[in-house]
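Single-letter residue listing:
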Amino acid sequence: MAYPTAETAGMVGGFVQPDHLRAQLLSWYDANARHLPWRVGQQDHATGVRADPYRVWLSEVMLQQTTVPHATPYFLAFTERWPTVADLASEADGEVMAAWAGLGYYARARNLLACARAVSNDHGGVFPDTEEGLRALPGLGPYTAAAVGAIAFDLPTNVVDGNVERVMARLFAVDAPLPNAKLELKRLAGELVRSQRPGDWAQALMDLGATVCKPKSPLCERCPVSRHCAAKAEGAPETYPRRTAKAARPHRFGVAYVLTRGDEVALVRRPPKGLLGGMLALPTSEWRAKRWSESEAIGAAPAPVKWRSAGEVEHVFTHFSLTLQILRAEGDAQDVIWSPHRDMGGLPSVFLKAARVGLSSAA
Ligand code: SF4
């Protein structure tokens, strides 16, 4: 393929070696690193203080698929309530799942607990300090193992997430589209990893991707490595990374039942496996491609009471979008968990939205 290698990429805007690119980005990072609650400040880091692997791991799990502003309050709440991995490991599943509600991707919360318990029970509460050891923990994928290895243990790992893929695709003007280009982008990122300051390097790339080399409008005039950037030299960096056209996201319809008994709402615990597994939820029908008629919706209801339509809500999951048609009634039912109205905060956001709409309409 005709991509430049890390050795030749600097030739686009003048002959610059990868080590020069690294020096420029690291010096930008020294002056511009984001202050994040899971990071150790630059001055402390320079004196040998290392980030707490528990906090790094927790932040990385939370930050997958969500933004720093959204994840930060969750991170602060988790670390205040469970300051160590042993504290988290000894908590009841339901408490952690409820605290996770709103972050989405609930399989991640289950993996979080499995990992905390493995560290606590099998490793004496101490995270392994090798990439292989981290990778062997339950639920720790290659990205998280590399990130924790670099940031908490200063291992020269290759930390590549979507932000880093974008930066590499632009620096090297990689024409192959994602997702096929992933391996190539990882290889290019790997060529820039050195044993000097690997944690700072990983975080510098993350910060560059998040604050300068933004997805839609890269701020090239502020970029510390712009003279190395082949995409900028071409004139349209925002067109990288290339992508193959996405298949349309399918749409589904389901019915959510808001059944009340005085100031309590009927909830159910979803099966442990599958979407929103193990979470508290409103009772629902099956989710299918066809809209539910009122008689079908009432036929699938959890109790033979007088249901009436109370509106609907829309929600987008990773692999499909959903219209939840809401039915509301007052009455009793078997095999449900009665929960006070005020405790709805632990529901996943799709059910929280539906509960709010249902409760705001009279039974
Ligand atoms: Fe990204 Fe622009 Fe910097 Fe290239 S010059 S790495 S496109 S911000």
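What counts and what doesn't
- Residues numbered from 1 in each chain as written.
- Predicted model: local features only at pLDDT ≥ 70, side-chain atom pairs only at ≥ 80, totals over all residues.
- Heavy atoms only, no water.
- Domains from an automatic or database assignment.
- Contact = heavy atoms within 4.5 Å.
- Buried area = accessible area lost by both parts, 1.4 Å probe.
- Salt bridge = Lys/Arg side-chain N within 4 Å of Asp/Glu carboxyl O.
- Polar contact = N/O pair within 3.5 Å; in protein donor to acceptor, adjacent residues only side chain to side chain.
- Helix = DSSP H or I, 4+ residues; strand = E, 2+ residues; numbered from the N terminus.
- Nonpolar A, V, L, I, M, F, W, Y, C, P; charged D, E, K, R; others polar.
- Phe/Tyr/Trp six-rings, centres within 6.5 Å; stacked < 30°, edge-to-face > 60°.
- Lys NZ or Arg CZ within 6 Å of the ring centre and 35° of its normal.
- Near = heavy atom within 4 Å.
- Buried < 20%, exposed > 50% of the residue type's maximum accessible area, 1.4 Å probe, protein only.
- Pairing = 2+ DSSP bridges.

Novice: Honestly, the domain arrangement of the chain in this entry has me stumped. Any pointers?
Specialist: Buried accessible area, meaning the area lost when the parts come together, often serves as the stated size of an interface. For the chain, the domain assignment lists domain 1 (9–239) and domain 2 (251–359). A straight line from the C-alpha centre of domain 1 to that of domain 2 covers 37 Å. Taken residue by residue, the interface counts 6 residues in domain 1 and 12 residues in domain 2. Between domain 1 and domain 2, a total of about 660 Å² is buried, with carbon and sulfur atoms accounting for 58% of that surface. Seen at the junction of domain 1 and domain 2, the total is 0 salt bridges. For the interface between domain 1 and domain 2, the tally reads 1 residue pair in polar contact (both at pLDDT 80 or more). Elements with a contribution of two residues or more to the side of domain 1 that touches domain 2: helix 7 (93–100) and helix 8 (106–122). Of the residues contributing to the side of domain 1 that touches domain 2, the split by class is 5 nonpolar, no polar and 1 charged.

Novice: Explain the packing of aromatic side chains to me, please; I cannot follow it from the model alone.
Specialist: Note on aromatic pairs: each is described by the distance of the centres and the angle between the planes. Enumeration according to the criterion identifies 10 aromatic pairs in this entry. When the ring of Y54 is compared with that of W57, the centres are 6.0 Å apart and the planes differ by 35 degrees; the resulting orientation is tilted. Highlighted residues: Y54 and W57, both in helix 4 (residues 53–63), separated by 3 residues, approximately one helical turn. These aromatic residues form a ring-pair network of at least three members: W287, F317, F320 and F351. Its guanidinium or amino end placed over the ring of Y240, R242 lies 3.9 Å from that ring's centre, counting from NZ or CZ. Here the guanidinium or amino end of R252 rests over the ring plane of F320, the centre of that ring lying 4.2 Å away.

Novice: What should I look at first to understand the site of the ligand in this one?
Specialist: The environment of the ligand is made up of R170, V212, C213, P218, C220, C223, S226, C229, K232 and P237. When grouped by side-chain class, the residues that make up the shell around the ligand number 7 nonpolar, 1 polar and 2 charged.

Novice: I keep staring at the environment of G199 and nothing clicks. Help me out?
Specialist: Locating G199 in the fold gives a position in helix 13 (residues 198–211). Classification of G199 by relative accessible area gives buried; the value is 1%. Considered as a pair, G199 and A147 are 52 residues apart in the sequence and their alpha carbons are 8.0 Å apart.

Novice: Is there a simple way to explain the pairing of strand 5 (residues 321–330) in this structure?
Specialist: In the case of a regular strand, side chains alternate between the two sheet surfaces. Of all 10 residues that make up strand 5, 9 are buried, and the element is covered over most of its length. Sheet topology note: the strand 1 (residues 251–261)/strand 5 ladder contains 10 bridges and is parallel. Pairing of T260 across the sheet is with E330, part of strand 5. Taken together, the 7 bridges between strand 4 (residues 308–316) and strand 5 define a ladder with antiparallel strand orientation. In the strand pairing of strand 5, S309 is matched with L327.

Novice: Please clarify how helix 11 (residues 162–171) should be interpreted in this entry.
Specialist: The α-helix winds at 3.6 residues per turn, so residues separated by three or four positions along the chain end up facing the same way. Counting buried positions along helix 11 gives 8 out of 10 residues, so the element sits mostly inside the fold. Turning to helix 11, its buried residues number three or more, namely V164, E165, R166, V167, M168, A169, R170 and L171. On its buried face, helix 11 sits against helix 2 (18–32), helix 12 (182–191), helix 13 and helix 14 (230–234). Two or three places before N163, at the opening of helix 11, D161 has a side-chain oxygen 3.1 Å from that residue's backbone nitrogen. Just downstream of helix 11, A173 is the residue with a positive phi angle, here 45 degrees.

Novice: What is the right way to look at the pattern of salt bridges in this model?
Specialist: Close approach of charged atoms allows side chains of opposite charge to pair. Tallying each qualifying case throughout the model produces 17 salt bridges. D30 is the salt-bridge partner of R197, the closest N and O atoms lying 2.6 Å from each other. Separated by 167 residues along the polypeptide, R197 in the loop between helix 12 and helix 13 and D30 in helix 2 bring together distant segments of the chain. One salt bridge in this structure joins D332 and R261, with 3.6 Å as the shortest N-O distance. Of this pair, D332 sits in the loop between strand 5 and strand 6 (337–340) while R261 sits in strand 1, and the two are 71 residues apart along the sequence. Given a relative accessible area of 32%, R261 falls into the partly exposed group. Residues participating in the shared-partner salt-bridge network are D30, R197 and D200.

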